[in-house]
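What follows is each chain in one-letter form.
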Amino acid sequence: MNEKFIEYTESSLRSIPYDDILYSFEQQIADSAAATERRVRKAGLYDENIIFDLLVSEHSDLPEKYTEFRRAELKRRRERRMHMLFIKGTPVYYLAVIAVYLLISFMTHAWDRTWLAIITAVTVWYDTVGGWFVCEFAAKRRAFHVISRVILALGVMLTSVCVYLHFQMLAPFENCWVIVTGGVILMYCADAVFSAVTKQRVRIINYLIYIPAASPMFYVVLCGIRVLQWSTGWLIIIAALAADVLIVVGALINRRKYVYKPEEAK
Amino acid sequence: MKKEKLPAELWDKMHYLFRDFNDRMVHLELCYDFVPDIDILKKVIICFFEKAPVFHSSFTDNRISPYWTVHDYDINDILTVEYTNEPQRRADEFLIRYIPPESELQMKLALFISGEKSILCIVENHMCMDGGDFKYFIKSLCSAYTLLAEKGISPVNLRSGTRSFEKVYEDYTYAEKRMAKNLYKNVCAKDSHRFPLTPASIRDEPFIVRRKIDENTFLQLKAAGKKHGATVNDMLLAAYFFSLYELAGFSENESVTVSCAVDLRRHIRDLSDEGMTNHTAFMQCSVPRRGSDILETLKYTVQSSEKFKNDRFMGLYGLPLLNLGYSILPHAASEEIIKIGYSNPLIAMSNIGILDCKALSLCGHEPTDGFMTGAVKYKPYVLLSATTLRNAVTLSMCVRGNGEDKTITEKFFDIMEKNIKILASS
C-alpha cells in the first residue's frame, strides 16, 4: 500500500473524531486504493508519484465523502439493530403472548373468546415488522417495490380480518362481513397511496383499475351497513367509471400544461 | 475477489441494440511528424483507463438488467506499438478491427512508427462513449501526455462521474423538465431511400473510404455558406443530398431524408461531473425534392435544419419513450418491444466537427493529418462522417461490403467532391 496515500488519508480526516465508523471508512478507502494500485501495477504502471496522484484524484474530498459514509453507516446499523430486534424479539414476544393468553384463559375460562388475543398479537406483529420492511424495500430500487406492495396488501387484509373477528366475537352487528370487503377496498387504497408516495411510473393506470374494481365492494359495504339502498347503490359503480373519466381528463389537462409546442415557443 | 460492476446506461443498451445495423466501433487516426515516448503514452493511457473504468469492462447482456464488469488489464493488450515501412496500410488494417462488447477491453490503441513519423490509431466501442466524448478524451490524452513529458504532471485530468442520459435534463427548470420528459415521440426515420450498395453477403468485409476536401475548398465553402446563410454542416448536407440523388438515381421530385447526429451536450451547462458516455441523438433532415440546382437543394436543407435549430428541445424527442421502454420491463422484453418501434436510418450523417490541432499536439508537435469516423455500417445502412483538421474536411464512410461497394462509395465521394466544389464557388 502506498504509504504516502495513507498519510494523505489520515491528514485529510484528522479533524474528525476517531471512532469505529471513521476506521471503517479509512479501511474502505485503503482497500479501494489498494485494489486500484494492484490493478495499475499489473497493467504496467510503476511510477510511485503518478500512482499516488491517481489515488488522490480518485479519493478527493474525503471529509465530504466521510459525511455521506457516516450517514449511510448509521442507517445501516439502525437497520441491523431492528433486524436483530425482530429476530430475537419475535420468539420472546410470542412466548409472552402465549403466556398471557393461557393466563387469562385459565383465569376467566372464556376459551371461546380469548383466542382473539393470539390473532391480535399476530396482526400487531405482522403490521410492525411488515411496516418496517415496506419502508425498507420502498427505499431500494424499483424492482424491490413489488415486495413492499405485497407485504402492504397482506397487512391490510390481515388487519381487516382481525377487526372482523373482533366484531363478530365481541360486538356482532348485521352484515358484519362487510369489514372484510372494506379491507379489500383499503388494500387498493393502500397500494394507490404507496404508488403515489414512491412516484411509481404510470401509476395512473393503477388508479384507473382500482377505482372501478373497488366500486362494487364499496357498493356492497355501503348497502350492507344500510347507508345506501341496494336498489340505488349500484350508481356507485357508474360514479366510479365517471371518476375514471375525470381522472383521465384531469391528467390530460395537466399534461397539456407541459406539452411543448415548438411553433408557440418561436 | 468480487469484481466491480457498473450499470448499463440507456445509451449503452441502445447501442447494443444497434448490433444488427453496425459494428459499434468509433475510429480515430492522427498522423504526427514525431514519435511519441511510448512509456509516457502508456502511463497516460493507464491513468485514463482508471478514470473511466468502462473502458476495461465487459458487457453482460443480462435478460433482466445488463451490466458492465470491470476487469484487470495489461497495457500491452491495449496499446500496440509497431515499427513498419507501411504505416498507413497497417493503420487502415487496425482501424477496421472489431471489439466485441463481451471482451475485457473496450478500447484499443496502436502506434505505427516509420522513421520520424507516426500514426496514432484508436478504436473504441460506441457503447462506452460517442464522438463528442471521444474528442474530449483524445484532447485530454494529448494534453496529459504533454504535461507529463514536459512538466512531470500526473495524467489524472479526465472527467469522471455519471454516465446517465438524464444529465441532459439537469439544467432545466421544473416546467422545462416536465415538457422535455413528455416528448414521447417516435423519431425514427421513415424514408425508404437507400444508398445504392450491392446486397449483403457473408463474404463482405469492413472497409473505410475517405476523401479529403482541401483547405482552400473548405474555406471557400465556409465563405459561400455565410453568403447563403448556411452553416458548414448545411453545406455538407446539401452536397450529400444532391450527390445521393445523382448517385442513386432518385427521381428529382422525390423527398429524401437524411438522419443527422445531434450532440445533446448542448443541453448540459456543466460537464465537469460527467463520465465518458453517449449523448447523441438523431434528427431527420429532409428535402421535399432535389431542386433544379444544388443551391435550391441548399435552400431546402437550410429550411429543414433551421426548424431543428429553433427547437429548444432539439434531439430530446424520443428519449422518454426509450426510457419508458427500457424501465418498465426486463431488458430482454424491452429490447424486443423497442425493436418493433425502432427503424434504423438507411442514410445518415454525423458531422463530428473540428479536431483542434493545437489541442491534439504532443509536446508541441501538431498532427499533420487525421480523422475520426463512426461505426462500420452493415448494408443497406450508411453513415457519412465528417471531421475538420487544419481547415481540411475528411469525409469518410465505413461499410461492410465488397469490392463493388468500395467502387460505389469512391464514386459517391467523387460526386460529393464535385458538388462541394460547385457549392464552394457559388
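Here the structure is a predicted model, which is why all the values come from computation and not from measurement. All residue numbers refer to position in the chain's written sequence, counted from 1. Going through the entries in the order they are written, you letter the chains from A and number the ligands from 1. Totals for whole chains, interfaces and linings use all residues, but because this is a predicted model, local features are given only for residues with pLDDT of at least 70 and pairs of side-chain atoms are given and counted only at 80 or more.

K.L.:
If you had to explain the overall build of chain A to someone new, which residues and values would you point to?
P.N.:
Secondary structure elements follow DSSP: runs of H or I of four or more residues count as helices, runs of E of two or more count as strands, with numbering from the N terminus. Scanning chain A from N- to C-terminus turns up 11 helices and 0 strands. In sequence order, chain A lays out its α and β elements as α-α-α-α-α-α-α-α-α-α-α. Taking 2.2 N^0.38 as the reference for a compact globule, 266 residues should give roughly 18 Å; the C-alpha atoms of chain A span a radius of gyration of 29 Å, well beyond that estimate. Its C-alpha atoms give chain A principal-axis dimensions of roughly 85 × 75 × 35 Å. For the radius of gyration, the atom set is restricted to C-alpha positions; the globular benchmark scales as 2.2 Å times the number of residues to the power 0.38.

K.L.:
Quick one: what's the story with the nonpolar core, residue by residue and with numbers?
P.N.:
Any set of buried Ala, Val, Leu, Ile, Met, Phe, Trp, Tyr and Cys residues joined through C-beta atoms within 7 Å is what this text calls a nonpolar core. With C-beta atoms placed from the backbone, a residue is buried if 20 or more other C-beta atoms are within 10 Å of its own, exposed if 12 or fewer are, and partly exposed between those counts. One finds B:Ile45, B:Cys121, B:Tyr240, B:Phe241 and B:Val258 to be the most contacted residues of the largest nonpolar core, which totals 131 residues. In terms of residue count, the dominant contributor to this core is helix 8 (residues 232-248) of chain B (10 residues). Whether two residues are in contact is decided by their C-beta atoms, placed from the backbone, lying within 7 Å. For B:Ile45, the contacting residues outside a window of four places in its chain are B:Ile75, B:Ile78, B:Leu79 and B:Leu109. Of all hydrophobic cores here, the second largest spans 18 residues; its members include A:Ile151, A:Leu152, A:Ile185 and A:Phe218.

K.L.:
Break down the domain arrangement of chain B for me, with residues and values.
P.N.:
The figure often quoted for interface size is the accessible area lost as the parts come together. All names here are of chain B. Domain parsing of chain B yields domain 1 (5-151) and domain 2 (168-424). Between the C-alpha centres of domain 1 and domain 2 there is a distance of 22 Å. Counting from both sides, the interface comprises 50 residues of domain 1 and, opposite them, 44 residues of domain 2. Mapped onto the side of domain 1 that touches domain 2, the elements with two or more residues apiece are helix 1 (10-17), strand 2 (25-32), helix 4 (87-95) and helix 5 (131-151). At 14 residues, the largest contribution of residues to the side of domain 1 that touches domain 2 is made by helix 5. Domain boundaries shown here were taken from an automatic or database domain assignment.

K.L.:
Please set out the interface of chain B and chain A residue by residue, giving values where relevant.
P.N.:
Tallying the contact residues gives 23 residues for chain B and 21 residues for chain A. For the side of chain B that touches chain A, the elements supplying multiple residues, two or more each, are helix 2 (38-51), helix 3 (75-78), helix 6 (174-180) and helix 10 (319-328) of chain B. Examining the composition of the side of chain B that touches chain A, we find that 5 residues originate from one element, helix 2 of chain B, more than from any other.

K.L.:
Tell me what's going on with the pairing of strand 3 (residues 57-60) of chain B, and back it up with residues and numbers.
P.N.:
Residue and element names in this part refer to chain B. Side-chain alternation along strand 3 places Ser57 and Phe59 on a buried face and Ser58 and Thr60 on a face that remains uncovered. When DSSP finds at least two bridges between two strands, those strands are taken to pair. The pairing of strand 3 with strand 4 (residues 67-70) spans 4 bridges and is classified as antiparallel. Residue pairing across strands places serine 57 opposite valine 70, the latter belonging to strand 4. Counted between consecutive antiparallel strands, the loop separating strand 3 from strand 4 contains 6 residues.

K.L.:
Any chance you could break down the sheet that holds strand 1 (residues 5-7) of chain B for me, citing the residues and the numbers?
P.N.:
Residue and element names in this part refer to chain B. In spatial order, the strands read 1-4-3; together these 3 strands make up an open sheet with antiparallel pairing. Edge positions in the sheet fall to strand 1 and strand 3, since each of these pairs with one other strand and no more. Within this sheet the neighbouring strands show an average axis-to-axis angle of 30 degrees, counted without direction. Note on geometry: axes are C-alpha line fits, over the in-contact stretch for helices, and angles between N-to-C directions span 0 to 180 degrees.

K.L.:
Explain the environment of B:Pro288 to me, using residue names and the numbers behind them.
P.N.:
Residue and element names in this part refer to chain B. For proline 288, the position within the fold is in the loop between strand 10 (280-287) and helix 9 (294-309). Along the primary structure proline 288 and isoleucine 338 are separated by 50 residues, whereas in three dimensions their C-alpha atoms are 29 Å apart. Aside from chain neighbours lying at most four places away, what touches proline 288 is Ser255 and Tyr300.

K.L.:
Before we move on, can you summarise the domain arrangement of chain A with the specific residues and values?
P.N.:
Domain boundaries assigned for chain A yield domain 1 (3-60), domain 2 (77-175) and domain 3 (202-266). For domain 2 of chain A versus domain 3 of chain A, the distance between C-alpha centres works out to 33 Å.

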